[in-house]
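Tertiary structure, described
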Amino acid sequence: MAYIRKVDYTIFVDAPKEEVGNQKKYDFFECEELIAPAVCALMKKGYSVTKSSIGHIGLKVEGECLVSQDNEMTDAELKQFFADTMCYHGCIDIQPAKKNRRKVILINEVEPDAFIELSAAIDVEPPEGWYKDKKVLRHRFEHTTGSKFYLERVDAMVNLYHWAKELPPAK
């Protein structure tokens, strides 16, 4: 995850501490690394980006969580724990399993398309390989697994960045 400073759209690789100089933690927003340069390029030109994603493979990943005798976490608390501490988008179900265990079914990432949502529609042609859906620019990937998917994501983000750099300033 990358962190973008709201005042000047500088990209940071590490999470900001509670305070960075006189900057507070809330002066930054999270953005996926591959799309962060394009988001910054758009925002520097006055376009407001409300959401973005580089696209992810949708997979269910199963895991078992050991529940010890003194663990009193409810299923809801366990789901929140996985959402807050793991690199998963969330826990979709918890089922009883063998002795002192609960089976936790996690969902890994779910949006196969890359997208960037603007606060308002723009009247320009989207970058190569992208299409407009009202105020959202989308890229549908041909490949959805393995290295071809990764390379296609990188190419799509490079095209988006170069396109954003060439846009005229927002009106």
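Because the structure is a prediction, the values reported are computed rather than measured. (Residues numbered from 1 in each chain as written. Predicted model: local features only at pLDDT ≥ 70, side-chain atom pairs only at ≥ 80, totals over all residues. Heavy atoms only, no water.)

With that settled, the discussion passes to the environment of Lys135. With respect to the element layout, Lys135 can be found in the loop between β11 (131-133) and β12 (136-139). Sequence-distant contacts of Lys135, that is, excluding residues within four places in its chain, are made with Ile116, Glu117, Leu118, Ser119, Ala120 and Ala121. (Helix = DSSP H or I, 4+ residues; strand = E, 2+ residues; numbered from the N terminus. Contact = heavy atoms within 4.5 Å.)

Moving on, we come to the sheet that holds strand β6 (residues 49-53). In space, the four strands of this open sheet follow the order β6-β10-β12-β11, with antiparallel pairing throughout. Single-partner strands in this sheet number two, and they are β6 and β11. Shown here is a sheet whose adjacent strand axes are inclined to one another by a mean of 20°, direction ignored. By the bridge criterion, four bridges tie strand β10 (residues 114-118) to β12 in an arrangement that is antiparallel. What sits directly across from Ile116, in β12, is Leu137. On the sheet, helix α1 (residues 36-44) packs against β6 and β10 and is oriented at approximately 165° with respect to β6. Docked against the sheet, helix α3 (residues 146-166) engages β10 and β12, running at close to 145° with respect to β12. (Pairing = 2+ DSSP bridges. Axes fitted to C-alpha atoms, helices over the stretch in contact; angles between N-to-C directions.)

Attention now moves to the side chain of Arg153. Position of Arg153 among the secondary structure elements: in helix α3. Relative accessible area serves as the criterion here: at 12%, Arg153 is assigned to the buried category. Within polar-contact distance, the side chain of Arg153 engages the backbone oxygen of Gly55 at 2.6 Å. In contact with Arg153, other than residues within four places in its own chain, are Ile54, Gly55, His56 and Phe141. (Buried < 20%, exposed > 50% of the residue type's maximum accessible area, 1.4 Å probe, protein only. Polar contact = N/O pair within 3.5 Å; in protein donor to acceptor, adjacent residues only side chain to side chain.)

A word on the packing of α1 against α3. Look at α1 against α3: their axes get within 8 Å of each other, and the N-to-C directions meet at 10°. Relative to α3, α1 is oriented roughly parallel. Seen from α1, the contacting residues are Pro37, Ala38, Ala41 and Leu42; seen from α3, they are Leu160, Tyr161, Trp163, Ala164 and Lys165. Looking at side-chain class alone, the contact of α1 with α3 contains eight nonpolar, no polar and one charged residues. (Parallel < 35°, antiparallel > 145°, perpendicular 65-115°, else oblique. Nonpolar A, V, L, I, M, F, W, Y, C, P; charged D, E, K, R; others polar.)

Tallied over the entire structure, the rule returns three salt bridges. Between Asp113 and Arg140 there is a salt bridge; the shortest N-O distance is 2.7 Å. Placement of the pair is Asp113 in the loop between β9 (101-107) and β10 and Arg140 in the loop between β12 and α3, with a sequence separation of 27 residues. (Salt bridge = Lys/Arg side-chain N within 4 Å of Asp/Glu carboxyl O.)

Moving on to the sheet that holds strand β2 (residues 11-12). Ordered in space as β2-β1-β5, the three strands form an open sheet in which the pairing is antiparallel. Each end of this open sheet is capped by a strand with a single partner; those strands are β2 and β5 (28-31). Relative to β5, strand β1 (residues 2-5) runs antiparallel, the two being bridged by four bridges. Across the sheet, the residue bridging to Tyr3 is Glu30, located in β5.

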